[in-house]
Protein chains: 2
Amino acid sequence: MLIVQKFGGSSVADAAKIERVARIIAETYRDGNEVVVVLSAQGDTTDDLLAKAAEINPDASKRELDMLLSTGEQISIALMAMALEKMGLPVVSLTAWQIGLKTDCEHTKARIRRISTERLRRELDKRRIVLVAGFQGIDQFDDVTTLGRGGSDTTAVAIAAVLHADKCQIYTDVEGVYTADPRKVDGARKLDEITFDEMLELASLGAQVLHNRSVEMAKRYSVNLEVLSSYVKKPGTIVKEVVKQVEQMKISGIAKDCNVTRIAIVGIPDEPGKAFKVFMVLAKAKINVDIILQSVGKDHTNDISFTVASSDSQAAYDVISEYKDVIGFESISMDEDIAKVSIVGAGMISCPGIAAMMFEALSNAEINIKMISTSEIKVSVLIEERLADTAVQAIHKKFFSN
Amino acid sequence: MLIVQKFGGSSVADAAKIERVARIIAETYRDGNEVVVVLSAQGDTTDDLLAKAAEINPDASKRELDMLLSTGEQISIALMAMALEKMGLPVVSLTAWQIGLKTDCEHTKARIRRISTERLRRELDKRRIVLVAGFQGIDQFDDVTTLGRGGSDTTAVAIAAVLHADKCQIYTDVEGVYTADPRKVDGARKLDEITFDEMLELASLGAQVLHNRSVEMAKRYSVNLEVLSSYVKKPGTIVKEVVKQVEQMKISGIAKDCNVTRIAIVGIPDEPGKAFKVFMVLAKAKINVDIILQSVGKDHTNDISFTVASSDSQAAYDVISEYKDVIGFESISMDEDIAKVSIVGAGMISCPGIAAMMFEALSNAEINIKMISTSEIKVSVLIEERLADTAVQAIHKKFFSN
């Protein structure tokens, strides 16, 4: 098998950790597999480099930041190569430019355009373990770029895609994807399998296991993805297109997001185009709107409520207030004490009553629902922030009690 | 003018030093020059990286060591670029692969084969200050190499050569090339000019201002080289093919080398080929021999004395002892308490009596000469190690007293 493995910065933070990861890689190789490994920068390296940059110039150009930061992953691959050499294994480390990993020109958040398989394939054909610097690329001008958050995951998935790897293993500090946050919810279970779409919904709802870009890419190129622990040797969670449906598993996971603010606009004239104006104004200000609820008010007016990320709330409030006369509403209010709790599951498409089960669980826990939003594989509710953990616990018990 | 400037690791060791160097670069640029700057890794970066490597694998491959170490210079150029950006100057940092700096495959001590001027020229034409990572290159397989000791000096001279730069300025922590070590010899003077050949002799005699490889390259490609201080703003020493002869300056400098051992072989049969055998054995063992003296012994035998670097002395002693029967000598002895003191000057070719002046100075100081060696622009003597500083002082006074 051809296996791509990715290890994050905390897994290679010091010599001892590098040696532990080297043993995982060595075992995979000795089992007869072709192995490509993608590494992030060691522990605090990136922060240390950013601190050096900030001391010299807090407004440094993104091009030079990328030039600086990309050294971190290069250090990781060289050190890991040395650890594997010590074990007597054939190994070669390669940077982004050496494998022709081309991106667009968006420094600090570049997107991968293509990867040349020539060098990778040549090294694999020599039976070498290939270590690739994650997070980095080069653009059409041969300038160094970096891929932004979750960049090394994206590198791993992209390499798995171009090499048609049998597996892409993302090693993390958790054992896989859980039905809910195992540190907070009793009985939270690790999932053996989850679909790409479910994983995408969970990630966007705040479950930080994998960055959405890597999951999207894995889905697009049908990469067989596995999330597993670099500390505990056991199977993790497989992310794939279709999972075998376990009857009792009506949903895959529950997520909570407290970083939400609800904005309510009251008394908008019931005329065509007025609601549109609200969201056009927000779009122009580059503010993402999540859940939207429109209801009929009194005297031929409408009320519109919507949620935004808390970091955007003040900007949203200000920009709408500015257009008060144009939109013609009566009042605007903001509610920060709010949380979004969501259930995700590809199974709910074919299984009516899932939303009802969720609402029943909340009702039994005497939690009032402020807004509801549903998609094909997700149901989200807004509730008071202080009740969020209780809500997750109650819903988890309802779906996973047996 | 097109000026190439090189700054060493101590000159860019921290944010304050980077800003000081940035001001030197900025001034050169604002004077209307095209500027290419070659930088070394910051202060202890290389040692820190080597320590990390040693912890993981003391026998790491040279390829991976080069991959690791080359990050140091990349960090320097990115940080310096940020400092210049802060001053509002157009700047771009470039690594070895980005300027197509190709070397042979000798990892950790590669030699430059060629440099593509395309990217360098393009950036200069945009009126940008160009910062180049020193010490590094790439080989024919696109693997990262490093150039070994004095590598960044070599990078600077090579770039000056391919760009036909008007000047290549090597900034150091001394103000130029001195007639003798200014920390040890009263009245040591800074030279305004020195020839390539003199510089080569001085470097090989232990004056550590410039590495020989960079001087040889500068001589071959007629690069106008200047050694100057990054701390004090004044002209340094120009190194060039022919310098204008100052009448009083019969020699350019005095150097001392205590890293010398004399080996004496006594009682070699006076037959053809016997002396040859001694040096063939040493050459096979890759031991460099410096000064050689052959004298007639008793009973149709010869005595041969020669010097080697102290680090090679035991190996030289052992290999000759091993061939005792083949060579047929009587005894061999080693003398570590020895120093080589040399005077260097292109002027001595046309000025007889220079050697005599040196011997007179030593005689007046009651220092006994053990061996003498001369070349066109150099006279070296071996003396007792404990008298070396006194000898340098006495010779310096003789030649530079007025």
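Here we summarise the structure given alongside this text. Within every chain, residues take consecutive numbers counted from 1 along the sequence as written. Here every chain gets a letter starting at A, and every ligand a number starting at 1, in the order they are written. The model is predicted, so local features are restricted to residues of pLDDT at least 70 and side-chain atom pairs to those at 80 or more, both for listing and for counting; the totals for chains, interfaces and linings are taken over all residues. Processing note: side-chain calculations cover all non-hydrogen atoms of the structure and skip hydrogens and water entirely.

## What about the overall build of chain A?
The helix and strand labels rest on DSSP assignments: H or I over at least four residues marks a helix, E over at least two residues marks a strand, and numbering proceeds from the N terminus. Counting its regular elements, chain A contains 12 helices and 18 strands. Only C-alpha atoms enter the radius of gyration, while the globule expectation follows 2.2 Å times N to the 0.38, with N the number of residues. The C-alpha radius of gyration computed for chain A amounts to 24 Å, which stays within 12% of the reference 21 Å derived for 402 residues, consistent with globular compactness. On the principal axes, the C-alpha backbone points of chain A span a range of 80 × 55 × 35 Å. Taking all 402 residues of chain A together, the buried fraction comes to 54%. Reported accessibility uses the Shrake-Rupley method at a 1.4 Å probe radius. Residues are deemed covered only where the shown protein chains occlude them. With an accessible surface of roughly 17500 Å², chain A has 48% of that area assigned to carbon and sulfur atoms. Relative accessible area decides the class of each residue, using a 1.4 Å probe on protein chains only: under 20% of the type maximum gives buried, over 50% gives exposed, and in between gives partly exposed.

## Observations regarding the interface of chain A and chain B
Contact with chain A, which involves 42 residues of that partner, is made by 42 residues of chain B. When two parts are put together, the accessible area they lose, computed with a 1.4 Å probe and summed over both, is reported as buried area. Buried area between chain A and chain B, summed over both chains or domains, comes out near 3500 Å², and the portion from carbon and sulfur atoms is 60%. Considering only the surface of chain A that becomes buried against chain B, Ile56, Met82 and Trp97 of chain A emerge as the three largest contributors, covering 22% of it. Note on definitions: salt bridges are taken to be side-chain nitrogens of Lys or Arg within 4 Å of carboxyl oxygens of Asp or Glu. Our count for the contact surface shared by chain A and chain B stands at two salt bridges. Of the charged contacts in the structure, one is a salt bridge between Arg119 of chain A and Asp143 of chain B, with a shortest N-O distance of 2.6 Å. Contact definition: two residues touch when any of their heavy atoms are within 4.5 Å.

## Concerning the sheet that holds strand 10 (residues 193-195) of chain A
Residues and elements named next belong to chain A. The mixed open sheet is built from eight strands, whose spatial order is 3-6-2-1-9-11-12-10. In the strand order of this sheet, the two ends are held by strand 3 (91-94) and strand 10, each with one partner. Along the sheet, successive strands turn relative to each other by an average axial angle of 20 degrees, direction set aside. The pairing criterion for strands is at least two bridges between them, as found by DSSP. Sheet topology note: the strand 10/strand 12 (residues 237-240) ladder contains three bridges and is parallel. Within the sheet, the bridge partner assigned to Thr195 lies in strand 12 and is Lys240. For helices, the fitted line uses only the C-alpha atoms of the stretch in contact; every axis is such a line through C-alpha atoms, and the angle between N-to-C directions lies from 0 to 180 degrees. Packing against the sheet, helix 3 (residues 62-86) makes contact with strand 2 (34-39), strand 3 and strand 6 (129-133), and its axis sits at approximately 160 degrees to strand 6.

## Side note on the packing of helix 3 of chain A against helix 3 (residues 62-86) of chain B
Interaxial distance between helix 3 of chain A and helix 3 of chain B falls to 8 Å at its minimum, and their mutual angle equals 165 degrees. Overall, the two elements helix 3 of chain A and helix 3 of chain B adopt an arrangement that is roughly antiparallel. Along this stretch, helix 3 of chain A crosses helix 3 of chain B, giving a crossing that reads as left-handed. Looking at the contact of helix 3 of chain A with helix 3 of chain B residue by residue, the class counts come to 18 nonpolar, six polar and four charged. Throughout, the term roughly parallel applies to angles under 35 degrees, roughly antiparallel to angles over 145, roughly perpendicular to angles from 65 to 115, and oblique to all others. Working rule for handedness: look at the near helix, and if it is turned counterclockwise from the far one by less than a right angle, call the crossing left-handed; if clockwise, right-handed. Gly is placed with the polar residues, together with every amino acid not listed as nonpolar (Ala, Val, Leu, Ile, Met, Phe, Trp, Tyr, Cys and Pro) or charged (Asp, Glu, Lys and Arg).

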